[in-house]
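# A closer look at the structure
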Amino acid sequence: MKDSPTRFGLSGQAAESLPALTALRGIAALLVVAFHFDIFIARLLPGGLTPASGKLYLMVDLFFVLSGFIMCHVYGHQFSQGWCKQTFRRFILARFARIYPLHLFSLVLVIGLWALMYLTDSFNRMFELTYDISALPAHLVLLQAAGTHNEATWNSPSWSISVEWMVYFLFPWLALLLAKGNKATPWLLLLFCAAGYLAIMFYFQPAYWARRWDLLGIPVEYPYPTGTIDVLTGSAILRCLCGFILGMLCHRLYMLGTAAKWAARRFLPWLIILVLVAGWHGQWLIDPLAVVLFTGIILYLANSPKGNGKGLERPVWQWLGDISYSMYLLHMPMIFAFIGVRRALYQSDQLALPMGYDLTLWQSWGLLALMFVLLCLFSTLSYRYIENPARYWLKSRFSQSGVTQGPFLVMK
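Report on the accompanying structure.

Criteria and cut-off values
- Residues numbered from 1 in each chain as written.
- Predicted model: local features only at pLDDT ≥ 70, side-chain atom pairs only at ≥ 80, totals over all residues.
- Heavy atoms only, no water.
- Core = buried A, V, L, I, M, F, W, Y, C linked by side-chain atoms within 4.5 Å.
- Buried < 20%, exposed > 50% of the residue type's maximum accessible area, 1.4 Å probe, protein only.
- Helix = DSSP H or I, 4+ residues; strand = E, 2+ residues; numbered from the N terminus.
- Contact = heavy atoms within 4.5 Å.
- Axes fitted to C-alpha atoms, helices over the stretch in contact; angles between N-to-C directions.
- Parallel < 35°, antiparallel > 145°, perpendicular 65-115°, else oblique.
- Left-handed = near helix turned anticlockwise from the far one by under 90°.
- Nonpolar A, V, L, I, M, F, W, Y, C, P; charged D, E, K, R; others polar.
- Polar contact = N/O pair within 3.5 Å; in protein donor to acceptor, adjacent residues only side chain to side chain.

## Details of the nonpolar core
In this structure, Tyr 131, Trp 159, Phe 171, Trp 280 and Ile 298 are the most contacted members of the largest nonpolar core, which totals 121 residues. Ranked by residue count, the leading element in this core is helix 2 (residues 59-79), at 14 residues. For Trp 159, the contacting residues outside a window of four places in its chain are Val 60, Phe 64, Gln 144, Ala 145, Ala 152, Val 231, Leu 232, Ala 236, Arg 239 and Tyr 328.

## Side note on the packing of helix 2 against helix 9 (residues 236-256)
The description of two packed helices rests on the angle between their axes and on the distance between the axes. Look at helix 2 against helix 9: their axes get within 7 Å of each other, and the N-to-C directions meet at 50 degrees. Judged by the angle between their axes, helix 2 and helix 9 are oblique. Here the hand of the crossing between helix 2 and helix 9 comes out right-handed. Contacts between helix 2 and helix 9 pair Val 60, Asp 61, Phe 64, Val 65, Ser 67, Gly 68, Phe 69, Met 71, Cys 72 and His 73 from the former with Arg 239, Cys 240, Gly 243, Phe 244, Leu 246, Gly 247, Met 248, Cys 250, His 251 and Tyr 254 from the latter. Of the residues that constitute the contact of helix 2 with helix 9, the class distribution is 12 nonpolar, 6 polar and 2 charged.

## Structural notes on the packing of helix 7 (residues 171-180) against helix 9
Closest axis-to-axis distance for the helix 7/helix 9 pair is 11 Å, and the angle between their directions is 40 degrees. Judged by the angle between their axes, helix 7 and helix 9 are oblique. Judged by the sense of rotation from one axis to the other, the crossing of helix 7 with helix 9 is right-handed. Here Phe 171, Leu 174, Ala 175 and Leu 178 of helix 7 lie close against helix 9, whose contacting residues are Leu 241, Phe 244, Ile 245, Met 248, Leu 249 and Arg 252. Of the residues in the contact of helix 7 with helix 9, the class split is 9 nonpolar, no polar and 1 charged.

## A look at the environment of Ser 162
Structurally, Ser 162 is set in helix 6 (residues 159-168). Take Ser 162: its relative accessible area is 0%, and that puts it in the buried class. Taking the C-alpha atoms as reference points, Ser 162 and Ala 145, 17 residues apart in sequence, are found 5.8 Å from one another. Among all residues touching Ser 162, those that are not within four sequence positions of it are Leu 142, Leu 143, Gln 144 and Ala 145. Among the polar contacts listed, one links the side chain of Ser 162 to the backbone oxygen of Leu 142, at a separation of 2.9 Å.

This is the structure we're talking about:
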């Protein structure tokens, strides 16, 4: 969601360019936007979310897998031989410079939105839980998903940024373990992921959603979802860690080249997409297996021909990948701004989603298209005038203050 695997590591050595993965981030970000649009604004399919479209929350897990893959691809060699305090400091500061400026900007934006909604008295219980003032200190230090609050607060998608930030601190040790471990190490890490996902599905997720239903005051006759990995705080750290490790294992397969011939088959991504849609629609594909299937798409794209400027290497896809982080963090403020205006005008107290007014499917898709256009515009401006300048300013400040020595490179 945030990084292109086409840049440089801490040592200044160029990593192999993988532009198709940049495009994949953009596509996944658009699917997250469509998912939230369907929930909060207007239905995109007859009857609302289907069993298949309702699984698009797993695009966040695709981001986690991509992040593990890309961190290994760009930084892994720095920690494969040992752990160095100086290298670790440069890595963490590089990650901070990459994710924090836009997170802070979007948080300030949402606080302003909250103030306007407060003045218009357009809150309901959901908004009261989302805009919880006591959660602001945690947001300032990227710990909003640590479990202090059950709901994803303020700019709600930032929960995933929070858990990724925490997992970054484990990455050097995981990279070292994977590099120095024996042949059983990858299998043990895979077993850990399986156990972690099962713990979320059958223990943490039901407890999380039961608590959520209680806080929202939803009657018990309306059952909450179970048997998924859809948690946003607390055990969300484990959710991110499992996806991140799968991404690291996926990169190991990529580097070994053992899966190159198999992964380069053109039918592979379409077969995986078919299995995903059929499995979600038939409700027989559990979330952890879907996340594992994501690694097949990543392996295929990583092994795809490079440098021909075709397919996902076209400029429009690369542009979407570049602005994907802004799209991800700015789309929910846009959605809640729309909801706030509608509630202020119509004074609706309904809790049912989507909160707004009924639209035909043609109107819903037209409104979604308009939102995509506006979001891409704002995200491009954000990427050009907030993300990049702030990142390189922080890089410069870190270098001048002496907290880093040697090359300090931040990925685009």
